[in-house]
Amino acid sequence: MSTLPPVEDIKAQIEAGVPGAVVTVVQNGSPSAQHSLLLGREHARDAALFLRDHAELRLDFCSLVTGVDWLDTETSEKVKVKKVVEGPDGTQQETEVEETRKTKIPGYLEAVYHLFSMEKKHGPVVIRVRTANRADYAHVPSLTPVWRSCEFQEREAFDLYGIVFDGHPDLRRILMWDGFADFPMRKDYVPPDDDALATVPHGKSPEVQA
Amino acid sequence: MADGLKELKIELSKNGIFTTTLEELYNWGRKNSVWPLTFGLACCAIEMIATTMARYDLARFGAEVFRPSPRQADLIIVSGTVTKKMAPQVVRLYNQMPEPKYVIAMGACAISGGPFRDGYNVLKGIDRYIPVDVHIPGCPPRPEALIHAFMTLQKKIDEQALTGPDRPRHLQAGQPSEYPVPAFGEHGLEPADNRDVFAAAEGNPLKVLQ
């Protein structure tokens, strides 16, 4: 059993091996410290092929594909800004004023892949690919041509999150029926108002009502 | 049967004369030979299988012949979670059974959706589409509970009158023996419940509302 190099080294190897590839290390702050590699959409498939065929990494098995929904977020930070303020005696004075600056981070959908090597008996390497936005049917490249085991799991991510995997051989809903319009695992999904015996108004949890 | 007649019957039987009525004979025959449908949905089905095997031996109640076709079955034991994708098939199976037919809703899921009630894919109880004769609570119910439900059903069959206004559904020409199969809609099943069946159910708060 070989040990995997740290993700930073894998990132450097991808960037060296795949011209133009953009790879970012996503830190995992939890005790598991399972850091992952965020691949740019344009070169994700080339990078995946590189990881699969690399002589030492040989990540020949994709065990898991899942989706993650990241909503639009807003971060606010307090910044000290120098401003010219008119003092009580009428003179212009330069003082430091604290301001809160808000930055909006637009949401996106993410496909996460867990890769292992059967040959080298190591893993997992976690890779992520993000969509440009949270619109219905947002696109990422499919990695099914690289790892055949992704086929059904990418269909599941398409079904429940609405991520379209470009290049997938058979992208249909897998759990819900074909005419279903929603993506139920998205965070803003509202289930249909179908409970005739509901004691709480639809869309509200008992805590919210109280 | 009137009390006087009952006493006479007991008196006659003490003297070696057996008397009965057509209704009693008919119900006695029916209740001791209820053939369930070979049909299981989830973990409750494992308990149902255990009930039929040697230790609990449902054959003692004349129900050992699980029929592989709804056309030969008298009883459908809805044993497990009914997903919205499965619900039309369950209703269709019920529709294909010949009258008189009975339904046992086994376990929390079949009764109400159970722990998955708030899920996007689970029907909130099979009694929304087909009339249920016996509900068994439990998650899953033990085989003894299923046997108890079965005995309750036998008691119910035994008490059914052949004539009169209280005669069961299958002896009333105007009453339906099939119920509409729900369709897959864009957001869920359409309709969300069959009010003719659901609101008429005993102990249902909707019955009070209507």
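The rules we used
Residues numbered from 1 in each chain as written. Chains lettered and ligands numbered in written order. Predicted model: local features only at pLDDT ≥ 70, side-chain atom pairs only at ≥ 80, totals over all residues. Heavy atoms only, no water. Helix = DSSP H or I, 4+ residues; strand = E, 2+ residues; numbered from the N terminus. Rg over C-alpha atoms; globule rule 2.2 N^0.38 Å. Contact = heavy atoms within 4.5 Å. Buried < 20%, exposed > 50% of the residue type's maximum accessible area, 1.4 Å probe, protein only. Arc of directions from axis to C-beta. Patch = residues over 30% accessible without salt bridge, like charges linked within 9 Å, V, L, I, M, F, W, Y side chains within 5 Å. Areas by Shrake-Rupley, 256 points an atom, 1.4 Å probe, with all protein chains shown as cover. Salt bridge = Lys/Arg side-chain N within 4 Å of Asp/Glu carboxyl O. Buried area = accessible area lost by both parts, 1.4 Å probe. Polar contact = N/O pair within 3.5 Å; in protein donor to acceptor, adjacent residues only side chain to side chain. Core = buried A, V, L, I, M, F, W, Y, C linked by side-chain atoms within 4.5 Å. 1 Å grid on protein atoms, 1.4 Å probe; cavity = no way out; pocket = protein on both sides within 12 Å on 5 of 7 lines; lining within 4 Å. Points joined across faces, edges and corners; volume = space filled by probe spheres on them. Pairing = 2+ DSSP bridges. Axes fitted to C-alpha atoms, helices over the stretch in contact; angles between N-to-C directions. Parallel < 35°, antiparallel > 145°, perpendicular 65-115°, else oblique. Nonpolar A, V, L, I, M, F, W, Y, C, P; charged D, E, K, R; others polar. Left-handed = near helix turned anticlockwise from the far one by under 90°.

Description of the overall build of chain A
When helices and strands are counted, chain A shows four helices and nine strands. In sequence order, chain A lays out its α and β elements as α-β-β-α-β-β-β-β-β-β-α-β-α. Rg of the C-alpha trace for chain A: 23 Å, well past the compact-globule value of 17 Å for 210 residues, more than 25% over. Within chain A, counting contacts between residues at least 6 apart in sequence, those at least 24 apart form 57% of the total.

Notes on helix 2 (residues 22–31) of chain B
Since the α-helix turns once every 3.6 residues, residues separated by three or four places project in the same direction. Residue and element names in this part refer to chain B. For helix 2, every residue scored as buried is listed here: Asn 27, Arg 30 and Lys 31. Buried residues in helix 2, looked at end-on, bunch into an arc of 90°, giving them a common side. With respect to the buried face of helix 2, the exposed residues turned more than 90 degrees away are Leu 22 and Trp 28. Elements that come into contact with the buried residues of helix 2 comprise strand 2 (102–106) and helix 6 (143–158).

Considering a nonpolar patch on the surface
Residue and element names in this part refer to chain B. A surface patch of nonpolar side chains, amounting to about 300 Å² of accessible area, comprises Ile 46, Ile 49 and Met 53. Within the element layout of this structure, Ile 49 appears in helix 3 (residues 43–52). Relative accessible area serves as the criterion here: at 44%, Ile 49 is assigned to the partly exposed category.

Regarding the interface of chain A and chain B
Between chain A and chain B, the residue contacts involve 17 residues of the former and 19 residues of the latter. Counting each side, the surface lost to burial between chain A and chain B is near 1,500 Å², with a carbon and sulfur contribution of 61%. When residues of chain A are sorted by the area they lose upon contact with chain B, A:Trp177, A:Asp194 and A:Leu197 head the list and together hold 42% of the total. Counting across the chain A and chain B interface gives four salt bridges. Here B:Lys124 makes a salt bridge to A:Asp194, at a shortest N to O gap of 3.0 Å. Where chain A meets chain B, there are nine residue pairs in polar contact (both at pLDDT 80 or more).

Some thoughts on the environment of A:Asp69
All names here are of chain A. Along the chain, Asp 69 turns up in strand 3 (residues 61–70). On the basis of relative accessible area, Asp 69 is assigned to the buried category, the value being 2%. As a C-alpha pair, Asp 69 and Ile 10 span 59 residues in sequence and 26 Å in three-dimensional space. Apart from residues no more than four positions distant in its own chain, Asp 69 is found in contact with Tyr 108, Leu 109, Arg 134, Tyr 161, Arg 186, Lys 187 and Asp 188. From its side chain, Asp 69 meets the backbone nitrogen of Lys 187 in a polar contact 2.8 Å long.

Section: the nonpolar core
One finds A:Ile14, A:Leu37, A:Leu51, A:Tyr113, A:Leu115, A:Ile127 and A:Trp147 to be the most contacted residues of the largest nonpolar core, which totals 40 residues. Ignoring anything within four residues of it in the chain, the contact list for A:Ile14 reads A:Ala21, A:Val23, A:Leu37, A:Leu39, A:Ala47, A:Phe50 and A:Leu51.

Quick word on empty space enclosed by the protein
Under the defined criterion, the tally for this structure stands at one cavity of 30 Å³ or more. Taken as a whole, the largest cavity holds about 50 Å³ of empty space. In terms of lining, the largest cavity is formed by A:Asp194, B:Lys84, B:Leu123, B:Lys124, B:Arg128, B:Tyr129, B:Leu189 and B:Ala192.

Details of the sheet that holds strand 6 (residues 108–117) of chain A
Residues and elements named next belong to chain A. With mixed pairing, the five strands of this open sheet are ordered in space as 1-2-7-6-3. Two strands lie at the open edges of the sheet, namely strand 1 (23–26) and strand 3, each paired on one side alone. For this sheet, the mean angle separating the axes of adjacent strands, direction not counted, is 25°. Relative to strand 6, strand 3 is paired through nine bridges, and the arrangement is antiparallel. In the sheet register, Trp 70 faces strand 6, and the bridge partner there is Tyr 108. Across the sheet, helix 1 (residues 7–17) is in contact with strand 1, strand 2 (36–39) and strand 7 (122–130); its angle to strand 1 comes to roughly 170°.

Regarding the packing of helix 3 of chain B against helix 6 of chain B
Residues and elements named next belong to chain B. In contact at an axis separation of 9 Å, helix 3 and helix 6 are set at 75° when each is read in the N-to-C sense. The orientation of helix 3 relative to helix 6 falls into the category roughly perpendicular. The segment helix 3 lies against helix 6, with Glu 47, Met 48, Ala 50 and Thr 51 engaging Pro 143, Leu 146 and Ile 147. Of the residues that constitute the contact of helix 3 with helix 6, the class distribution is five nonpolar, one polar and one charged.

What about the packing of helix 1 of chain A against helix 2 (residues 44–53) of chain A?
All names here are of chain A. Axis separation between helix 1 and helix 2 bottoms out at 10 Å; the angle between their running directions is 115°. Considered as vectors, helix 1 and helix 2 are oriented roughly perpendicular to each other. Between helix 1 and helix 2 lies a crossing of right-handed hand. Residues Ile 10, Gln 13, Ile 14 and Gly 17 of helix 1 form the contact with helix 2, whose participating residues are Ala 47, Phe 50 and Leu 51. Its residues assigned to classes, the contact of helix 1 with helix 2 comprises five nonpolar, two polar and no charged.

Considering the sheet that holds strand 1 (residues 75–79) of chain B
Residue and element names in this part refer to chain B. Pairing is parallel in the open sheet, where three strands are placed in the order 1-2-3. In the strand order of this sheet, the two ends are held by strand 1 and strand 3 (134–136), each with one partner. Strand-to-strand, the axes of this sheet are offset by a mean angle of 15°, without reference to chain direction. When strand 1 meets strand 2, the two strands line up parallel, connected through five bridges. By the bridge assignment for strand 2, Ile 77 is matched with Ile 104. Helix-sheet contacts for helix 6 involve strand 1, strand 2 and strand 3, and the interaxial angle to strand 2 is about 155°.

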